[in-house]
Amino acid sequence: MIYINKVGEPVPNVLSTNGVTETQALCANYDADNTYFNNRSSKHLFKSSIYAHDDVKDVLVRIQNHKCCFCESRVTHISDGDVEHFRPKAEWLRENVDGTKNKVKPGYYFLAYDWNNLMLSCLMCNQRIKGNNFPLLNEAHRAIVTHHYDITRELSVFINPTMEDPETHITFYENSPIGISLRGKKTIEYLNLDRFSLNEARKEKFKDLFMYKKFLDVVTNPEERDEIIEMIKKRINEIIDKNGEYVAMVKANFSDFL
Ligand SMILES: [Zn+2]
């Protein structure tokens, strides 16, 4: 996870126009009937045509450099990324002492079109992992989620990469994330940031950079030459991986390595 700088980015027009109108309507509906959200579906209540409008997504893609706000994996095609609500709009999950979870409505409906609550996320992080989880450090402060409640009293467990620097909470040992604060540890755990696929992807980058670093070392310290040659040969074999992907390409270009 890495800091996302939203400072100075104007709120996309669709949020400050249609988004504001929709938010006012949602709040008015809640004030008229505090059970309004209980039996209505998320699709019926919230318009993805506003919060996930191309104008919103385009800005998020640009300022996040096409990467997921949580795992930093590249969201390669615009349709592969979700506009994620940091605070879940429709409902949130209450954690019970026995480890089970209950869905609680309403969610943070008043932030459904709030620019500060929107980020670009990969499908895995948003839909399969984070979902409607939004744990607080001070659960007693959640009270009842309504637009009359001051959310600045809440201390979220999840690190918000647009509001704080995740690097003060999460570091890495080689390719594996390590929490250096309670929230860092919990964020890794909840978002499964040390999942196999992510660790494997980071490992590739780590190995190559490690090798290049060693390679540079040999320029100043030739005594390490043999060790580094062995390391490079080993890495070449790993990259080739005779049963791995794209072997035909390797054979056509690097047959002397085979
Ligand atoms: Zn992700």
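Residues numbered from 1 in each chain as written. Predicted model: local features only at pLDDT ≥ 70, side-chain atom pairs only at ≥ 80, totals over all residues. Heavy atoms only, no water.

(A) Molecular detail of the overall build of the protein. In terms of regular secondary structure, the protein is built from nine helices and six strands. Computed over C-alpha atoms, the radius of gyration of the protein comes to 23 Å, more than 25% over the 18 Å expected from 2.2 N^0.38 for 258 residues, which places it beyond the range of a compact globule. Across the protein, contacts joining residues at least 24 apart in sequence account for 63% of those joining residues at least 6 apart. When the 34 positive and 37 negative side-chain charges of the protein are each reduced to one mean point, those points stand 3 Å apart. (Helix = DSSP H or I, 4+ residues; strand = E, 2+ residues; numbered from the N terminus. Rg over C-alpha atoms; globule rule 2.2 N^0.38 Å. Contact = heavy atoms within 4.5 Å. Lys, Arg positive; Asp, Glu negative; His and termini not counted. Charge placed at Lys NZ, Arg CZ, Asp CG, Glu CD.)

(B) Seen up close, the pattern of salt bridges. Taken as a whole and judged by the stated rule, the model has 14 salt bridges. For Arg235, the salt bridge identified is with Glu204, shortest N-O distance 2.9 Å. Of the two residues, Arg235 sits in helix α8 (residues 225–240) while Glu204 sits in helix α7 (residues 196–220), which places them 31 residues apart along the sequence. Where salt bridges share partners, they join Glu204, Lys207, Asp208, Lys234, Arg235 and Glu238 into one cluster. (Salt bridge = Lys/Arg side-chain N within 4 Å of Asp/Glu carboxyl O.)

(C) Structural context of the nonpolar core. In terms of nonpolar packing, the biggest core is built from 51 residues, with Leu15, Phe37, Phe46, Phe70, Tyr109, Tyr113 and Leu193 touching the most fellow members. Listing elements by their share of this core, those giving two or more residues are α1 (13–32), α3 (48–51), α4 (54–63), β4 (118–122) and α6 (182–191). Discounting residues that sit within four places of it in the chain, Leu193 has contacts with Met1, Phe70, Cys71, Ile170, Pro177, Thr187, Ile188, Leu198 and Arg202. (Core = buried A, V, L, I, M, F, W, Y, C linked by side-chain atoms within 4.5 Å. Buried < 20%, exposed > 50% of the residue type's maximum accessible area, 1.4 Å probe, protein only.)

(D) Fine view of the coordination of the zinc ion. Around the zinc ion, the protein contributes the donor atoms Cys68 (SG), Cys71 (SG), Cys122 (SG) and Cys125 (SG), which lie 2.3 Å from the metal centre. Coordination at the zinc ion is tetrahedral, judged from the four donor atoms that bind it and the angles of 103 to 113° they form at the metal. Ordering the donors of the zinc ion by residue number gives the pattern C-x2-C-x50-C-x2-C. (Donors = N, O, S within 2.8 Å, 3.2 Å for Na, K, Ca; no water. Tetrahedral: all angles 85-135°; square planar, octahedral: opposite > 155°, others 65-115°.)

(E) Here's a closer look at the domain arrangement of the protein. Considered domain by domain, the protein is made up of domain 1 (13–194) and domain 2 (198–257). For domain 1 versus domain 2, the distance between C-alpha centres works out to 39 Å. In this complex, domain 1 contributes ten residues to the contact, which on the side of domain 2 involves five residues. Around 630 Å² of area is buried between domain 1 and domain 2 when both sides are counted, 55% of it from carbon and sulfur atoms. Connecting domain 1 to domain 2 are zero salt bridges. Applying the counting rule to domain 1 against domain 2 returns four residue pairs in polar contact (both at pLDDT 80 or more). (Domains from an automatic or database assignment. Buried area = accessible area lost by both parts, 1.4 Å probe. Polar contact = N/O pair within 3.5 Å; in protein donor to acceptor, adjacent residues only side chain to side chain.)

(F) Representation of the state of the cysteines. The final tally for this structure, using the stated rule, is zero disulfides. Cys69 carries a free sulfur, and the closest cysteine sulfur to it, the one in Cys68, is 4.8 Å from it. Residue class for Cys69 comes out buried when judged on its relative accessible area of 2%. (Disulfide = S-S within 2.5 Å.)

(G) Representation of the pairing of strand β1 (residues 81–85). Counting buried residues in β1 gives five out of five residues, a clear majority hidden from the surface. Burial of the side chains of β1 extends over both faces: Gly81, Val83 and His85 are buried on one face and Asp82 and Glu84 on the other. The sheet contact formed by β1 and β4 spans five bridges and is antiparallel. The partner of Val83 across the bridge, within β4, is Leu120. (Pairing = 2+ DSSP bridges.)

(H) Focus on unusual backbone geometry. Omega for the bond connecting Lys105 with Pro106 falls within 30 degrees of zero, at -5°, which places this linkage in the cis form. Within the element layout of this structure, Pro106 appears in the loop between β3 (101–104) and β4.

(I) Spatial organisation of helix α5 (residues 123–130). Within α5, burial applies to Cys125, Asn126, Ile129 and Lys130. Down the axis, α5 shows its buried residues gathered within 130° of arc, on one side only. Exposed residues pointing more than 90 degrees away from the buried face of α5 are listed as Gln127 and Arg128. Packing partners of the buried residues in α5 comprise β1, β4 and α6. (Arc of directions from axis to C-beta.)

(J) Inspection of the environment of Glu154 at higher detail. Mapped onto the elements of the fold, Glu154 is located in the loop between α5 and β5 (170–173). Each C-alpha atom of the pair Glu154 and Pro135 lies 9.8 Å from the other, and the pair is 19 residues apart in sequence. Apart from residues no more than four positions distant in its own chain, Glu154 is found in contact with Arg87, Tyr108, Phe134, Leu136, Asn138, His141, Arg142 and Tyr149. Within the structure, Glu154 has its side chain in polar contact with the side chain of Arg87 (distance 3.0 Å).

(K) Highlighting the side chain of Glu84. Looking at the secondary structure, you find Glu84 in strand β1. In this structure the side chain of Glu84 is engaged in a polar contact, spanning 2.7 Å, whose partner is the side chain of Lys130. Setting aside chain neighbours within four positions, we find Glu84 in contact with Phe70, Asn117, Leu118, Met119, Ser121, Asn126 and Lys130.

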